[in-house]
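Residue-level structure breakdown
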Amino acid sequence: MKGNAPVVVAEFTNSRDAAIAAGMLENNGIACHVMDDAMSTLYGAGATWAPVRLYVAEADAGRAADLLREHGDN
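This text gives an overview of the structure that appears in the document. What you are looking at is a predicted structure, and each value in this text was computed from that prediction instead of being measured. (Residues numbered from 1 in each chain as written. Predicted model: local features only at pLDDT ≥ 70, side-chain atom pairs only at ≥ 80, totals over all residues. Heavy atoms only, no water.)

**Things to note about the environment of Val7**
- Looking at where Val7 falls in the secondary structure, it is placed in strand E1 (residues 6-12).
- Relative accessible area serves as the criterion here: at 25%, Val7 is assigned to the partly exposed category.
- Sequence spacing of Val7 and Arg53 is 46 residues, and the spatial spacing of their C-alpha atoms is 9.5 Å.
- Setting aside residues no more than four positions away along its own chain, Val7 makes contact with Leu54, Tyr55, Val56, Ala57, Glu58 and Ala61. (Helix = DSSP H or I, 4+ residues; strand = E, 2+ residues; numbered from the N terminus. Buried < 20%, exposed > 50% of the residue type's maximum accessible area, 1.4 Å probe, protein only. Contact = heavy atoms within 4.5 Å.)

Below, the structure written as structure tokens:
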């Protein structure tokens, strides 16, 4: 049985793309959060050298991955 533990469902090179994907998931009823390392950007100006990760509950991971694939956000 899958639980509510957070799992990484996607990784992005910038916070903007991660936020767009997170909004799409939330609009489809999937709670999520974006975790980035602010220190991995150069003055917050663009792509990072560390991935920006999108987390969902383990129970929602399969559906979230399907939605991300359908929308080209994976």
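On we go from here.
**Observations regarding the sheet that holds strand E3 (residues 52-57)**
- Read across the open sheet, the 3 strands follow the order E1-E3-E2; overall the sheet is antiparallel. Each of the sheet's edge strands pairs with one partner strand only, and the pair in question is E1 and strand E2 (32-35). When the angles between neighbouring strand axes are averaged without regard to direction, this sheet yields 30 degrees.
- Sheet topology places E1 next to E3; 6 bridges connect them, and they run antiparallel. (Pairing = 2+ DSSP bridges. Axes fitted to C-alpha atoms, helices over the stretch in contact; angles between N-to-C directions.)

**Side note on the pattern of salt bridges**
- For the coordinates displayed, the defined rule picks out 3 salt bridges.
- With a closest N to O distance of 2.5 Å, Asp66 and Arg69 form a salt bridge. Of this pair, Asp66 and Arg69 both sit in helix H2 (residues 61-70), 3 residues apart, which is roughly one turn of that helix. (Salt bridge = Lys/Arg side-chain N within 4 Å of Asp/Glu carboxyl O.)

**Digging into the packing of helix H1 (residues 15-27) against H2**
- Contact geometry for H1 and H2: axes closest at 10 Å, N-to-C directions at 120 degrees. As far as their axial angle goes, H2 and H1 are oblique. In this structure, the crossing between H1 and H2 has a hand that is right-handed. Packed against H1, whose contacting residues are Ala21, Met24 and Leu25, the element H2 presents Ala64, Leu67 and Leu68 at the interface.
- Residues of the contact of H1 with H2, tallied by class, amount to 6 nonpolar, no polar and no charged. (Parallel < 35°, antiparallel > 145°, perpendicular 65-115°, else oblique. Left-handed = near helix turned anticlockwise from the far one by under 90°. Nonpolar A, V, L, I, M, F, W, Y, C, P; charged D, E, K, R; others polar.)

**Some remarks on the environment of Val52**
- With respect to the helices and strands, Val52 occurs in strand E3.
- Assessed through its relative accessible area of 1%, Val52 is described here as buried.
- When the C-alpha positions of Val52 and Arg16 are compared, they lie 9.5 Å apart, and in sequence the two are 36 residues distant.
- If we ignore the near neighbours within four places in the chain, the residues touching Val52 are Ala10, Glu11, Phe12, Thr13, Asn14, Ser15, Ala18, Val34, Met35 and Asp36.

**Looking at the nonpolar core**
- Val9, Phe12, Leu25, Leu54, Val56 and Leu68 are the most contacted members of the largest nonpolar core, which has 17 residues in total.
- The set of elements that each furnish at least two residues to this core consists of E1, H1, E3 and H2.
- The leading source of residues in this core is H1, at 5 residues. (Core = buried A, V, L, I, M, F, W, Y, C linked by side-chain atoms within 4.5 Å.)

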